[in-house]
Amino acid sequence: MNSIPYKSFCWGLGTTSFRTKNFNKTIEEQLALLDEFWRTDDNSVYSWSGNNELQSKYYDFMLAKGFVKGEANNKPKDAREKTSGLVDIGLISDDRKLTEAGQALLAISRSGDFSSDNAFQIDKDSFIYFKQLLKTYNKVNGTIVRPFIVMAYVLSKLDYLSLDEYTYLLPLCTDPQNTDRIIREISALRNSQITIDEIIIERLLTMDNYQQALQMLQENAVTEEVICNIGMNRKSRNYDKTYFPLYQHLFDLYVNHNYDCALQVYTDTIAIKIGRLWRSYLFDTVSKVQIEREPNAHLNHTLFDNINNVAEFKTAFFKVMHLLKAKATLSDYLDLNRRYIKTTEVVIFEDNQVKLDIIPKQYFKPIIEELYGTAYDECDCLFADCSIERINPVLAINETTIIFGINEEYGTHITTISDVYRFVSEDRYQRFHQLIDDKFTDEKLLALLEHFENRNDDEIHRMVTDNADIPTIFEYVLGVIWYKVSEMQGDILNYMKLSRDADLLPVTHAGGGEADLVYEYSETADYPEHSLLIEATLASDTNQRRMEMEPVSRHLGRHLIRTGNMNSYCVFITPYLDINVISDFRSRKNTPYYDTQDTTRFVDGMKIIPLNTDTLKAIIHRHLLYRSLYGVFETAYQSNLPPHQWYEDCLSSNI
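None of these values were measured; they are calculated from a predicted model.

Visitor: Would you take a moment to explain the overall build of the chain for this structure?
Guide: Scanning the chain from terminus to terminus reveals 30 helices and 13 strands. If you line up the chain on its principal axes, its C-alpha atoms span 90 × 65 × 60 Å. Expressed as a percentage of its 655 residues, the buried residues of the chain come to 55%. Counted over contacts in the chain with a minimum sequence separation of 6, partners at least 24 positions apart contribute 68%. Here the chain displays about 28800 Å² of accessible surface, and carbon together with sulfur accounts for 45% of that area. The distance from the centre of the 68 positive side-chain charges to the centre of the 95 negative ones in the chain is 3 Å.

Visitor: Explain the environment of Glu81 here, please?
Guide: With respect to the helices and strands, the residue Glu81 is situated in helix α3 (residues 75–88). Placed 66 residues apart in sequence, Glu81 and Thr15 show a C-alpha to C-alpha distance of 7.3 Å.

Visitor: Sorry, what's going on with the packing of helix α10 (residues 208–219) against helix α11 (residues 224–231) here?
Guide: How two helices pack is summed up by the angle between their axes together with the distance between the axes. Contact pair α10 / α11: the axes reach a minimum separation of 9 Å and the direction vectors enclose 165°. Judged by the angle between their axes, α10 and α11 are roughly antiparallel. For the pair α10 and α11, the sense of crossing is left-handed. Packed against α10, whose contacting residues are Ala213, Met216 and Leu217, the element α11 presents Val226, Asn229 and Ile230 at the interface. Of the residues assigned to the contact of α10 with α11, the class counts are five nonpolar, one polar and no charged.

Visitor: Before we go on, may I ask you to explain the pairing of strand β12 (residues 598–603) in this structure?
Guide: Two faces belong to every sheet, and in a regular strand the side chains alternate between them. As paired elements, strand β11 (residues 593–595) and β12 share three bridges and run antiparallel to each other. Each bridged residue has a counterpart across the sheet, and for Tyr594 the counterpart in β12 is Phe602. Connecting the antiparallel pair β11 and β12 is a turn made up of two residues.

Visitor: Would you take a moment to explain the environment of Asp595 for this structure?
Guide: Tracing the backbone shows Asp595 in strand β11. On the basis of relative accessible area, Asp595 is assigned to the buried category, the value being 16%. Ignoring any residue separated from it by four or fewer positions in sequence, one finds Asp595 in contact with Ile561 and Arg601.

Visitor: Is there a simple way to think about a positive patch on the surface in this case?
Guide: A surface patch of like charges, here positive, comprises Lys77, Arg80, Arg234, Lys235 and Lys273. Relative to the helices and strands, Lys235 is located in the loop between α11 and α12 (243–254).

Visitor: Honestly, the sheet that holds strand β4 (residues 347–350) in this entry has me stumped. Any pointers?
Guide: Note: strands within a sheet are paired through backbone hydrogen bonds, in either parallel or antiparallel orientation. Judged by pairing direction, the sheet is antiparallel, and its three strands sit side by side in the order β3-β5-β4 without closing on themselves. What marks the edges here is a single partner per strand, and that holds for β3 (161–162) and β4. As defined by bridge partners, β4 adjoins strand β5 (residues 353–356) across four bridges and the pair is classed as antiparallel. For Val347, the partnering residue across the bridge sits in β5 and is Leu356.

Visitor: Quick question: what am I supposed to make of helix α1 (residues 23–37) here?
Guide: The terminal C-alpha atoms of α1, which comprises 15 residues, lie 21 Å apart, in line with the 21 Å expected from a rise of 1.5 Å per residue. Counting buried positions along α1 gives eleven out of 15 residues, so the element sits mostly inside the fold. Phe23, Asn24, Thr26, Ile27, Glu28, Gln30, Leu31, Leu33, Leu34, Asp35 and Phe37 are the residues of α1 that are buried. Turning to α1, the residues buried within the fold contact α2 (52–64), α3, α4 (100–111), α5 (124–135), α16 (310–342) and β7 (506–507).

Visitor: What's the story with the nonpolar core in this structure? I'm lost.
Guide: Taken as a class, soluble globular proteins show a tendency for nonpolar side chains to be buried jointly. The biggest cluster of nonpolar side chains holds 149 residues, and the ones touching the most others in it are Phe130, Trp278, Phe304 and Phe364. Looking at this core element by element, the count peaks at 16 residues for α16. Once residues lying within four places of it in the same chain are set aside, the contact partners of Trp278 are Tyr243, Leu246, Leu250, Thr269, Ile272, Phe304, Phe317, Val320, Met321 and Leu324.

Visitor: Sorry if this is basic, but what is going on with the pairing of strand β8 (residues 517–521) here?
Guide: Burial runs high along β8: four of the five residues are buried. Relative to strand β9 (residues 530–536), β8 runs antiparallel, the two sharing five bridges. Considered in β9, the bridge of Tyr519 is made with Leu532.

Visitor: What is the right way to look at the side chain of Asn407 in this model?
Guide: Along the chain, Asn407 falls in helix α20 (residues 399–410). A distance of 3.4 Å separates the side chain of Asn407 from the backbone nitrogen of His413, its partner in a polar contact.

Visitor: Any chance you could explain the packing of helix α6 (residues 147–158) against helix α8 (residues 176–190) here in plain terms?
Guide: It is the contact of α6 with α8, at a shortest axis distance of 11 Å, that shows an interaxial angle of 40°. On the basis of their axis angle, the class for α6 and α8 is oblique. The handedness of the crossing between α6 and α8 is right-handed. From α6, Val150, Tyr153, Val154, Lys157 and Leu158 reach across to α8, where they touch Thr179, Asp180, Ile183, Ile186, Ser187 and Arg190. Among the residues forming the contact of α6 with α8, the class breakdown is six nonpolar, two polar and three charged.

Visitor: Looking at this structure, I do not really get the sheet that holds strand β10 (residues 569–574). What am I missing?
Guide: Overall, mixed pairing links the four strands, which are arranged β8-β9-β10-β13 in an open sheet. For this open sheet the edge positions go to β8 and β13 (608–612), each flanked by a neighbour on one side alone. Recorded for the sheet is a direction-independent mean angle of 20° between the axes of neighbouring strands. Two elements, β10 and β13, share five bridges in a ladder whose sense is parallel. In the strand pairing of β13, Cys570 is matched with Ile608.

Visitor: Looking at this structure, how should I read the pattern of salt bridges?
Guide: If charged atoms from side chains of opposite charge come close, those side chains can pair. On inspection of all chains with the given rule, the structure shows 34 salt bridges. Across the pair Lys157 and Glu369 runs a salt bridge whose closest N-O atoms are separated by 2.5 Å. With a gap of 212 residues between them, Lys157 in helix α6 and Glu369 in helix α18 (residues 368–372) connect regions that are remote in the sequence. With a relative accessible area of 47%, Glu369 lands in the partly exposed category. Residues participating in the shared-partner salt-bridge network are Glu350, Asp357, Asp427 and Arg431.

Visitor: I tried to follow unusual backbone geometry on my own but got confused; where do I start?
Guide: Excluding glycine, most residues fall at negative phi; most peptide bonds, likewise, are trans. Its identity is not glycine, yet Ser192 carries a phi of approximately 60°, on the positive side. Summarising the element assignment, Ser192 is placed in the loop between α8 and α9 (196–205). On the basis of relative accessible area, Ser192 is assigned to the exposed category, the value being 67%. Its identity is not glycine, yet His257 carries a phi of approximately 55°, on the positive side. By the secondary structure assignment, His257 is in the loop between α12 and α13 (262–270).

Conventions used here
Note on numbering: residues in each chain are counted from 1, in written sequence order. Confidence filtering applies because this is a predicted model: local features only for residues at pLDDT of at least 70, side-chain atom pairs given and counted only at 80 or more, and all residues used for totals across whole chains, interfaces and linings. The side-chain values count all of the structure's non-hydrogen atoms but skip hydrogen atoms and water molecules. Labels follow the DSSP assignment, with helices taken as runs of H or I lasting at least four residues and strands as runs of E lasting at least two, numbered in each case from the N terminus. Exposed residues in this analysis have more than 50% of their type's maximum accessible area, buried residues have under 20%, and partly exposed residues fall in between, with area computed by a 1.4 Å probe over protein chains only. Pairs of residues are marked as contacts when any of their non-hydrogen atoms sit within 4.5 Å. Here the open area of atoms and residues is found with the Shrake-Rupley method and a 1.4 Å probe, where only the protein chains shown may cover a residue. The convention is simple: Lys and Arg are positive, Asp and Glu are negative, and His and the chain ends are not counted. A charged residue contributes its charge at one atom only: NZ of Lys, CZ of Arg, CG of Asp or CD of Glu. A fitted line through C-alpha atoms represents every axis, and for helices the fit uses only the stretch in contact; the resulting angles, taken between N-to-C directions, go from 0 to 180 degrees. Angle categories are assigned with fixed cut-offs, so that under 35 degrees is roughly parallel, over 145 is roughly antiparallel, 65 to 115 is roughly perpendicular, and the rest are oblique. Each helix crossing is assigned a hand: it is left-handed if the near helix lies turned anticlockwise from the far helix by less than a right angle, otherwise right-handed if that turn is clockwise. Asp, Glu, Lys and Arg are counted as charged, while Ala, Val, Leu, Ile, Met, Phe, Trp, Tyr, Cys and Pro are counted as nonpolar; the rest, among them Gly, fall into the polar class. Between any two strands, at least two bridges found by DSSP are needed for them to pair. The patch calculation keeps residues exceeding 30% relative accessible area without a salt bridge and links them within 9 Å when they carry like charges or within 5 Å when they are nonpolar (Val, Leu, Ile, Met, Phe, Trp, Tyr). For this analysis, a salt bridge means a side-chain nitrogen from Lys or Arg found within 4 Å of a carboxyl oxygen belonging to Asp or Glu. An expected span of 1.5 Å times one less than the residue number is assigned to each helix. Definition of nonpolar core: a set of buried residues of the types Ala, Val, Leu, Ile, Met, Phe, Trp, Tyr and Cys, connected through side-chain atoms within 4.5 Å. Polar contacts, as counted here, are pairs of nitrogen or oxygen atoms within 3.5 Å of one another; within protein the pair requires one atom able to donate a hydrogen and one able to accept it, and residues that are adjacent in sequence qualify only if both atoms are side-chain atoms.

Written as structure tokens, this is what we have:
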């Protein structure tokens, strides 16, 4: 019996073996590791390709640096997989050397300066990712597709994609014909004329290998060998052996109408890797007791309904088998594709919709047809750190067309690019306020503070994002809390000294930089004009004393010397407050701080107010506002109580 080959039906970005949390940070760390590796022990004289010894050595190098954990069963394979995604987007070459683009990204990471320097108002590193993804191409069954350009084209035609459309349909756009078909079918889907499942099945059945496999199933008696052949498993045909008993019991259930075997069908699916998809497809419950008691009552409406003969059953089985395999693959790619695309900061994933941000949308609108003409061609500058025009001259940024597009879509009367940036800023704040309403209610903020105290990291990542480490998320959450305490006044997105993605959620970088929040307050009846530095740490005990006492006073001292505004001060927030940290910060009230470069410049003392998260939770519970907290902090600062009494008597009891 001839073996039928597996053929890819979709594109994907990167590799599923490099689907990690803290995605931006991990990429930057990997680039730094590779850069160091090739400079170590004369490694540069060896070739990566086919060199298992060198690849094993790199795995051990990653292990020694803490980038991976544990002894891998196949070190060369793991080393290749951990780096192949960066080859795909042009940050390293096939021989795992940093390309020009990779060197440029690493330089930004090492500088710690990710601030925007481009017309898209996105971070420097994101602009590199944006250019790289415009260049990135996949090979799908011998044909070329550039996923990001295809996505931009589809979004220009449809305005947005639902998350399901993005997950299950966009990656099926592998050539001009399929892309045109998918765009038409999404329109039909939105008019309830077709389903996603029907679109996927139709797409698969246009491929010759699926046609051959269905023909093989129809023309042969069904055996385990036939099932394994028509399954076309990518890794090993033997993985599909578990489908054979499922086929037999499904046949008994739907052709012979033996409902007593429904429970056996449910049991058969447990042995299948994607059994969860089969169970949810076939049954409306996960209760074995209910299925056994009333099997017919708990069967969903499926392609197996109204089967009249063996041929119809075979067709239905084949379609469902490959539909669910395809959906499992596409779901697996969703997370990875989204991580890569989010690095660009030009695509918003919000309210189960995917769309281009304001400036990118208007940027692509007038050029997309011409740009799409290159969507199925290789890019000859993938590895280069080049201008955006070098990728394609049509990509040259035209501020006039962006301004025109915004005015046309939103009915505005913008005349300059500065007006555009103000418009975009206002839109971001509207989205940020909605994000706070949805994701950061007082109840959720209180729960997050509890999770920080108990270091329930998985729950924190689930509630906020997994593209930032826990300390960065802590700083971000404190920023949200203080914005609410400040009555949603002030440029908090600028005050927070951390990177955010297009969805306005935090991102961690390997370069780190300062993670402070510097809040600017204008003079009011309640307080003078001043800056408030908020410093945060999750460290405790000795680590807190060692890590925080000097940096906090240094940051505030430098700020006071630079600005000359002695009304400015610092609030230090942590789950656990060490008594000696309190003592040190209180002593700063009467301790001079000098400019190390010019000792004639100094400040006589500094105001540092330490808070633990219990006190912060009290602020949230009591809905206290900064206008009242300022006076509490000032009174506490002026107190002469000793440190062991000061916190309880001056802060806790007054908040």
